[in-house]
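The primary structure of each chain is shown beneath.
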Amino acid sequence: MTENRTTFPPVLTRHADAETCVAPSSTMRLLGEGRHTDGGFTSYRSTFAEGAVGAPAHFHTKATELFFVLGGALRVLVGEEVTVLREGDFLSVPPRTPHAFAAAPGFTADVLFVFDRHMDRFAYLRLLGRVMRGEADPKEMAESAERFDNHYVESAAWRDAIEVS
C-alpha cells in the first residue's frame, strides 16, 4: 500500500551561508524556514551575551516554540514560573502560553529555536535587530503583532526576575 503524502524538499543551510542578524547583546543566525501548506517550520540559533535579555513576556496564538540550549544557561518564563535551562535542556512552549527569556545572570547562552510552523520569523528577527540597533521605531514591533504572531503581555513574575538581577 502506498502512503499518500505530499513531500517537500529538504532545507539545508550551511553555517557559512546562514544570514546573521546582529543586535547589541545577541547574534541570531537564521537557519531555515519551510513554507508548507501544512504549516512548515522556522529555525534559528541565538547567542546571547552574559545576562542579555532575549525577549520580553509574549505569546503566540498558533505556534509552539521549542528551545534547546546548546551552551550556557537561559532563564525563561513559562506561564508565571521562572526557571533556568542549562546546556542540553529542552523546552516546548505551546500556543497562548506567556513566555520570555534571557541569558541567566552570570552566563552567556547559545540556544536553538524552532517554531512548528512558518511564521515569517526571519522578517521579525530582522526588524528586531533594526529596532535594537536604533535603526527602526519600536512602534513597528507593536504594529507587527498579528503579522508575526508575537503578542506582548505584562508579567509581574518576569519583571521581578529581571529586576533582581
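Relevant structure appears above.
Only a predicted model underlies this, so the values are computations on that prediction, with no experimental measurement involved. (Residues numbered from 1 in each chain as written. Predicted model: local features only at pLDDT ≥ 70, side-chain atom pairs only at ≥ 80, totals over all residues. Heavy atoms only, no water.)

Visitor: I keep staring at the overall build of the chain and nothing clicks. Help me out?
Guide: The secondary structure content of the chain amounts to four helices and ten strands. Along the chain direction, N to C, the helices and strands of the chain fall in the order β-β-β-β-β-β-β-β-β-α-α-α-β-α. Here the C-alpha radius of gyration of the chain, 16 Å, is about what a compact globule of 165 residues would show, namely 15 Å. Projected onto the principal axes, the alpha-carbon positions of the chain cover approximately 60 × 35 × 30 Å. Partitioning the intrachain contacts of the chain with sequence separation of at least 6 by distance along the chain shows that 70% fall at a separation of at least 24. Of the roughly 9,000 Å² of accessible surface on the chain, 52% is carried by carbon and sulfur atoms. A distance of 4 Å separates the average location of the 17 positive side-chain charges in the chain from that of its 23 negative side-chain charges. (Helix = DSSP H or I, 4+ residues; strand = E, 2+ residues; numbered from the N terminus. Rg over C-alpha atoms; globule rule 2.2 N^0.38 Å. Contact = heavy atoms within 4.5 Å. Areas by Shrake-Rupley, 256 points an atom, 1.4 Å probe, with all protein chains shown as cover. Lys, Arg positive; Asp, Glu negative; His and termini not counted. Charge placed at Lys NZ, Arg CZ, Asp CG, Glu CD.)

Visitor: Sorry if this is basic, but what is going on with the nonpolar core here?
Guide: Generally speaking, soluble globular proteins have nonpolar side chains that are buried together. One finds Phe48, Phe67, Leu74 and Phe101 to be the most contacted residues of the largest nonpolar core, which totals 33 residues. Looking at this core, the elements with two or more residues in it are β1 (19-23), β2 (26-34), β3 (41-48), β5 (65-78), β7 (90-93), β8 (99-103), β9 (109-115) and α1 (121-132). Of the residues forming this core, the biggest block, seven residues, is contributed by α1. Residues in contact with Phe48, not counting those within four places in the same chain, are Ser25, Ser26, Gly54, Leu74, Phe101, Ala103, Thr108, Ala109, Val111 and Phe113. (Core = buried A, V, L, I, M, F, W, Y, C linked by side-chain atoms within 4.5 Å. Buried < 20%, exposed > 50% of the residue type's maximum accessible area, 1.4 Å probe, protein only.)

Visitor: For this particular structure, what's the right way to read the packing of aromatic side chains?
Guide: Two descriptors summarise a pair of aromatic rings, namely the distance from one centre to the other and the angle between the planes of the rings. Evaluated as defined, the whole model comprises seven aromatic pairs. Note on Phe101 and Phe113: the rings are 5.0 Å apart at their centroids and 45° apart in plane angle, and the pair reads as tilted. In this pair, Phe101 sits in strand β8 while Phe113 sits in strand β9, placing the two residues twelve residues apart along the sequence. Neither residue differs from the other here; Phe101 and Phe113 are each classed as buried. Every member of this aromatic cluster is reached through a ring pair, and the members are Tyr44, Phe48, Phe67, Phe101, Phe113 and Phe115. Here the guanidinium or amino end of Arg75 rests over the ring plane of Trp158, the centre of that ring lying 5.9 Å away. The aromatic ring of Tyr124 is capped on one face by Arg121, whose charged end is 4.2 Å from the ring centroid. (Phe/Tyr/Trp six-rings, centres within 6.5 Å; stacked < 30°, edge-to-face > 60°. Lys NZ or Arg CZ within 6 Å of the ring centre and 35° of its normal.)

Visitor: Is there a simple way to explain helix α4 (residues 156-164) in this structure?
Guide: The periodicity of an α-helix, 3.6 residues per turn, causes residues three or four places apart in sequence to face the same way. If you check which residues of α4 are buried, you get Ala157, Trp158 and Ala161. Taken around the axis of α4, the buried residues stretch over an arc of 95°, which confines them to a single face. Each element contacted by the buried residues of α4 is listed here: β4 (53-59), β5, β6 (81-86) and β8. (Arc of directions from axis to C-beta.)

Visitor: Where do I start with the environment of Ile162 in this structure?
Guide: Residue position: Ile162 is located in helix α4. Overall, Ile162 belongs to the partly exposed group, its relative accessible area being 28%. C-alpha separation for the pair Ile162 and Thr7, spaced 155 residues apart in sequence, amounts to 44 Å.

Visitor: Explain the side chain of His60 to me, please; I cannot follow it from the model alone.
Guide: Within the secondary structure, His60 sits in the loop between β4 and β5. Within the local environment of His60, its side chain forms a polar contact with the side chain of Glu65, the two groups lying 2.9 Å apart. Those residues in contact with His60 that lie beyond four places of it in its chain are Glu65, Pro95, Arg96, His99, Phe115, Met119, Arg121, Asp149 and Asn150. (Polar contact = N/O pair within 3.5 Å; in protein donor to acceptor, adjacent residues only side chain to side chain.)

Visitor: What should I look at first to understand the pairing of β7 in this one?
Guide: The side chains of a regular strand alternate between both faces of the sheet. Of the two faces of β7, only the one carrying Leu91 and Val93 is buried; Phe90 and Ser92 on the other face are not. For β5 and β7, the ladder comprises four bridges, and the chain directions are antiparallel. By the bridge assignment, Phe68 is partnered in β7 with Phe90. (Pairing = 2+ DSSP bridges.)

Visitor: Is there a simple way to explain the side chain of Thr64 in this structure?
Guide: With respect to the helices and strands, Thr64 occurs in the loop between β4 and β5. Leaving out residues up to four positions away in the same chain, Thr64 has contacts with Ser92, Val93, Pro94, Pro95, Val114, Phe115 and Asp116.

Visitor: Where do I start with the pattern of salt bridges in this structure?
Guide: When the charged atoms of two side chains lie near each other, side chains of opposite charge can form a pair. A full pass over the atoms with the stated rule returns six salt bridges. Two residues, Arg45 and Asp110, come together in a salt bridge whose shortest N-O distance is 2.5 Å. Here Asp110 lies in strand β9 and Arg45 lies in strand β3, a separation of 65 residues in the sequence. Given the relative accessible area of 31%, Arg45 is considered partly exposed. (Salt bridge = Lys/Arg side-chain N within 4 Å of Asp/Glu carboxyl O.)

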